[in-house]
Amino acid sequence: MNTKTIAFPLRRWQAEAIPLALECILQQLNGQTGPKVITACTGAGKSIAIAVIIATRARHLLEDEVIVVTTPKQRLVRQLSATIGQHVPEPVAQHYAGAKWRAGRIIVCCNASARSLSALLEQTGRRIGLWIADECHRTETPEIHAFHKATPAAAAIGFTATPFRAKHDERLQLWDEELYRYSPTMA
């Protein structure tokens, strides 16, 4: 059985958040808004929501565009690649210490390797059509800021369970505002 053809039922929050994310992406492509954050509690199914957004957006990529998903841990690179691979009919590449992107339109990258991915994208003449930052509360790093500056995305959506910090220097600088919230009490 081909898992790429199975329709996974969405949870209510996913069914509400995904259309908002897709609309936000279109608005960013038209210059009407900036990157937004989807907040969902741990275990809510953010990976599935990310995969569905990618599957939808991948159909509309230009020839020189890629989708990049960044995440702070190598374990999450492998996990997200597998989940996304169940929802898209094309290979999902990984880029981190143990695997380097060579080809493909969908790339899951460890935050620590974002600079090297940026260089590879520039060398191959690729642009980022969509950037999804998993655990976007962990994007306040020199690697991610350099990645963002060197290869700005046409559109971006962040996912996290913990979006806002008390300390000013821990605030999310790359994300405009929260688009959707699914809190533990809602779960």
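As shown above, the structure is provided for reference.
Small disclaimer: the values here were computed from a predicted structure and weren't measured.

K.L.:
What am I meant to see in the nonpolar core here?
P.N.:
A general feature of soluble globular proteins is that nonpolar side chains tend to end up buried together. Counting 37 residues, the largest nonpolar core has W13, I54 and I84 as its most contacted members. For this core, the element with the highest residue contribution is helix 2 (residues 46–58), accounting for eight residues. Not counting residues up to four positions away in its chain, the partners in contact with I54 are I67, V69, I84, V88, I106 and I132. Among the nonpolar cores identified, the runner-up in size contains 21 residues, and L117, L120, L121 and I144 belong to it.

K.L.:
Could you clarify how one ought to interpret unusual backbone geometry in this entry?
P.N.:
Trans peptide bonds make up most of the peptide bonds, and negative phi angles are found at most residues other than glycine. Of note in this structure, E135 is not a glycine but carries a positive phi near 55°. For E135, the position within the fold is in the loop between strand 5 (127–134) and helix 5 (142–150). The exposure class assigned to E135 is partly exposed, which follows from its relative accessible area of 22%.

K.L.:
Help me out: how do you make sense of the side chain of H137 in this one?
P.N.:
The residue H137 is located in the loop between strand 5 and helix 5 in this model. The exposure class of H137 is buried, given its relative accessible area of 15%.

K.L.:
Any chance you could explain the pairing of strand 4 (residues 106–110) here in plain terms?
P.N.:
Residues in a regular strand project their side chains so that they alternate between the two faces of the sheet. Of all five residues in strand 4, five are buried; the element is thus mostly enclosed. Covered by surrounding structure in strand 4 are I106, V108 and C110 together with I107 and C109, the residues of both alternating faces. Pairing geometry for strand 2 (residues 65–71) and strand 4, over five bridges, is parallel. Across the sheet, T70 pairs through a bridge with C109, a residue of strand 4. Strand direction decides the pairing type here: strand 3 (residues 92–95) and strand 4, joined by four bridges, are parallel. Bridged to A93 within strand 4 is I107.

K.L.:
Can you help me understand the packing of helix 1 (residues 12–29) against helix 2 in this one?
P.N.:
Between two packed helices, what matters for the description is the angle formed by their axes and the separation of those axes. At a minimum axis distance of 10 Å, the contact between helix 1 and helix 2 shows a crossing angle of 45°. Comparing the axis directions of helix 1 and helix 2 gives the class oblique. As for the relative orientation of helix 1 and helix 2, their crossing is right-handed in sense. For the pair formed by helix 1 and helix 2, the contact residues are W13, Q14, I18, A21, L22, I25 and L29 on the first element and K46, I48, A49, V52, I53, T56 and R57 on the second. Residue composition of the contact of helix 1 with helix 2, grouped by class: 10 nonpolar, two polar and two charged.

K.L.:
When you look at the packing of helix 4 (residues 114–123) against helix 5 in this model, what are you seeing that I'm missing?
P.N.:
Running from N to C, helix 4 and helix 5 cross one another at 20°; their axes reach a closest spacing of 8 Å. By the criterion of interaxial angle, the relationship of helix 4 to helix 5 is roughly parallel. When the axes of helix 4 and helix 5 are compared, the crossing they make is left-handed. Taking contact as the criterion, the partners of A114, R115, S118 and E122 in helix 4 are, on helix 5, P142, E143, I144, A146, F147 and A150. Each residue belonging to the contact of helix 4 with helix 5 can be placed in one class, and the counts come to six nonpolar, one polar and three charged.

K.L.:
Whenever I open this one, the side chain of N111 confuses me. Can you help?
P.N.:
Looking at where N111 falls in the secondary structure, it is placed in the loop between strand 4 and helix 4. What makes N111 buried here is its relative accessible area of 6%. Beyond its immediate chain neighbours, meaning those up to four positions away, N111 contacts T70, T71, P72, R138, E143 and I144.

K.L.:
Would you mind going over the sheet that holds strand 1 (residues 36–40) with me for this structure?
P.N.:
With parallel pairing, the seven strands of this open sheet are ordered in space as 3-4-2-5-6-1-7. Each of the sheet's edge strands pairs with one partner strand only, and the pair in question is strand 3 and strand 7 (177–182). Strand-to-strand twist across the sheet, computed as the mean angle between neighbouring axes with direction ignored, equals 20°. The sheet contacts of helix 3 (residues 74–85) involve strand 2, strand 3, strand 4 and strand 5, and relative to strand 4 the element is tilted by about 160°. In the packing of helix 5 onto the sheet, contacts are made with strand 2 and strand 5, and the angle to strand 5 comes to roughly 155°.

So, how was this worked out
Residues numbered from 1 in each chain as written. Predicted model: local features only at pLDDT ≥ 70, side-chain atom pairs only at ≥ 80, totals over all residues. Heavy atoms only, no water. Core = buried A, V, L, I, M, F, W, Y, C linked by side-chain atoms within 4.5 Å. Buried < 20%, exposed > 50% of the residue type's maximum accessible area, 1.4 Å probe, protein only. Helix = DSSP H or I, 4+ residues; strand = E, 2+ residues; numbered from the N terminus. Contact = heavy atoms within 4.5 Å. Pairing = 2+ DSSP bridges. Axes fitted to C-alpha atoms, helices over the stretch in contact; angles between N-to-C directions. Parallel < 35°, antiparallel > 145°, perpendicular 65-115°, else oblique. Left-handed = near helix turned anticlockwise from the far one by under 90°. Nonpolar A, V, L, I, M, F, W, Y, C, P; charged D, E, K, R; others polar.

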